[in-house]
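Topology and contacts: notes
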Amino acid sequence: GNIERQLILGGAGSDEVESILATADGGCLLGIYSTSGKYEGLVPEKVRYMEFTTGIYSDRGEEKGQDTKEPEEIHYYAKQSDHYGIGDYWIVKIDKSGNVEWEKDFGGSGDDHIRTLTRTSYGYAVGGESRSEISGNKRTGIKEGTDLWLIALDENGEEMWQKSYDYSTRDILMSLKNIKTKDGETKGLLIGGYSQAEGTKKKEDYAFWMVYTDKEGQEQWRKIVEGTSRKAEERLVSAEMTVDGQYILAGTSAEESGKELWKVVKLGDKDIEELIENKEIRIYPNPVEDYCYVELGFDLEQGEEAELSVYDYSGRKVNSIRTSNRITKVVTGILPQGVYIVTAKTKSKSVNAKIIKK
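Residues numbered from 1 in each chain as written. Predicted model: local features only at pLDDT ≥ 70, side-chain atom pairs only at ≥ 80, totals over all residues. Heavy atoms only, no water.

What follows covers the sheet that holds strand β16 (residues 233-241). Across a sheet, paired strands are connected by hydrogen bonds in the backbone, their directions being either parallel or antiparallel. Strand order in the open sheet formed by 3 strands is β16-β17-β18, with antiparallel pairing between adjacent strands. At either margin of the open sheet sits one strand with a lone partner, and together these are β16 and β18 (260-267). For this sheet the average axis-to-axis angle between neighbouring strands, irrespective of direction, equals 20°. Sheet analysis places β16 next to strand β17 (residues 247-254), joined by 8 bridges and oriented antiparallel. Bridge pairing in β17 links Ala239 to Leu249. (Pairing = 2+ DSSP bridges. Helix = DSSP H or I, 4+ residues; strand = E, 2+ residues; numbered from the N terminus. Axes fitted to C-alpha atoms, helices over the stretch in contact; angles between N-to-C directions.)

Take the pattern of salt bridges next. Applying the stated criterion across every chain, the model contains 17 salt bridges. A salt bridge links Arg139 to Glu159; the nearest nitrogen and oxygen atoms lie 2.4 Å apart. Here Arg139, found in the loop between β9 (123-130) and β10 (147-153), pairs with Glu159, found in strand β11 (residues 159-165); they are 20 residues apart in sequence, far enough to count as distant. The closest approach of N and O atoms between Glu280 and Lys349, which form a salt bridge, is 3.2 Å. Taken as a pair, Glu280 in the loop between α1 (269-276) and β19 (281-284) and Lys349 in the loop between β24 (338-345) and β25 (350-357) lie far apart in primary sequence, 69 residues in all. Connected via shared salt-bridge partners are Glu305, Glu307, Lys317 and Arg322. (Salt bridge = Lys/Arg side-chain N within 4 Å of Asp/Glu carboxyl O.)

Further remarks concern the nonpolar core. Counting 19 residues, the largest nonpolar core has Ile281, Ile283, Val294, Leu296 and Val342 as the members making the most contacts within it. Setting aside residues up to four positions removed in sequence, Leu296 forms contacts with Glu280, Ala306, Leu308, Asn325, Arg326 and Ala344. (Core = buried A, V, L, I, M, F, W, Y, C linked by side-chain atoms within 4.5 Å. Buried < 20%, exposed > 50% of the residue type's maximum accessible area, 1.4 Å probe, protein only. Contact = heavy atoms within 4.5 Å.)

For the rest of this paragraph, the subject is the environment of Leu148. Note on placement: Leu148 falls in strand β10. Linking Leu148 and Lys163, residues 15 residues apart in sequence, is a C-alpha distance of 8.2 Å. When neighbours within four sequence positions are excluded, Leu148 is seen to be in contact with Gly128, Lys163, Ser164, Tyr165, Asp171, Ile172, Leu173, Ile191 and Trp209.

Next up on the list: the packing of aromatic side chains. Scanning the entire structure with this criterion turns up 5 aromatic pairs. Geometrically, the ring pair formed by Tyr89 and Trp149 is tilted, given 4.9 Å between the ring centres and 45° between the ring planes. In this pair, Tyr89 is assigned in strand β6 (residues 88-94) and Trp149 in strand β10, connecting sequence segments 60 residues apart. Taking the centre distance of 5.4 Å and the plane angle of 75° together, the rings of Trp221 and Tyr247 count as edge-to-face. (Phe/Tyr/Trp six-rings, centres within 6.5 Å; stacked < 30°, edge-to-face > 60°.)

Our next topic: the environment of Val264. As for its placement among the helices and strands, Val264 is situated in strand β18. Take Val264: its relative accessible area is 59%, and that puts it in the exposed class. For the pair formed by Val264 and Leu249, sequence separation is 15 residues and the distance between their alpha carbons is 5.7 Å. Ignoring anything within four residues of it in the chain, the contact list for Val264 reads Ile248, Leu249 and Ala250.

Just distances and angles here, no functional claims.
Written out as structure tokens, the structure is:
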């Protein structure tokens, strides 16, 4: 717990660290809610200070007590990136020696509040809420009130894509998880949060929710979780995927502020089946034993084939068939009991559905 180094970074406004992520190279990534623009003032390169037995720190070397250790150094870094609105996402990469490697500012003309970061196989995903229309370097608008805003970055902080998602009048992002395949590649992103009313409170405006996207941010499904114990206020803290492919959501539920109780929701097989249901692919019988039939709800072009693949919930492919038929028999007898995903891919389409092996 001894201090090894200190770094103060920012500009003339308010810069609040909302999330910190350890990186594979021994450094870290900071997600900062920033109201600061590029800082043009004078910045000390470093300041030496001493720690004293009284627990009081000197002010830039001015002694206030008895010295108990060698002087340490505080390093300063002035924000160099431009600012776009009321508040922006400010992403800062720090190396293992405590030096700023790169920094990026993302935002529109309104208020954009970063909440969390996650590591992906292609770099990083950062997420929060936005009140900005298309402006600055924000290329997605808002539908109503506050929407979710997700940005994917490569290892050097260069933007790969950005997406917006909307639920209700005010959407709060609290959880962002990287869902990986067995080989460690990013399979998708699980986004969790809650909604609040703005203005007149309505009970239906408060709910936990989840969005699942593919690795490029394309929404695959969403689910609002009300539950039988739903109260006036629902605030999700985290959404997690379990090893068996189910989902747990945790947060608080309260009739009024100050009277919160913990609320934990686990989505079972019925809930998951509703999430993954897709009218363009039908599987029967399901649950399965020795075999099942996969029926495609769309026509294949002449000479075109679809690849049918079966994956377990770790993302490992356990079976694959190429077919030009609308209905194809798939042998499942050798599979262990559990939950599997069947995908059908063509040149222009990809659909999936869940099966349960008895």
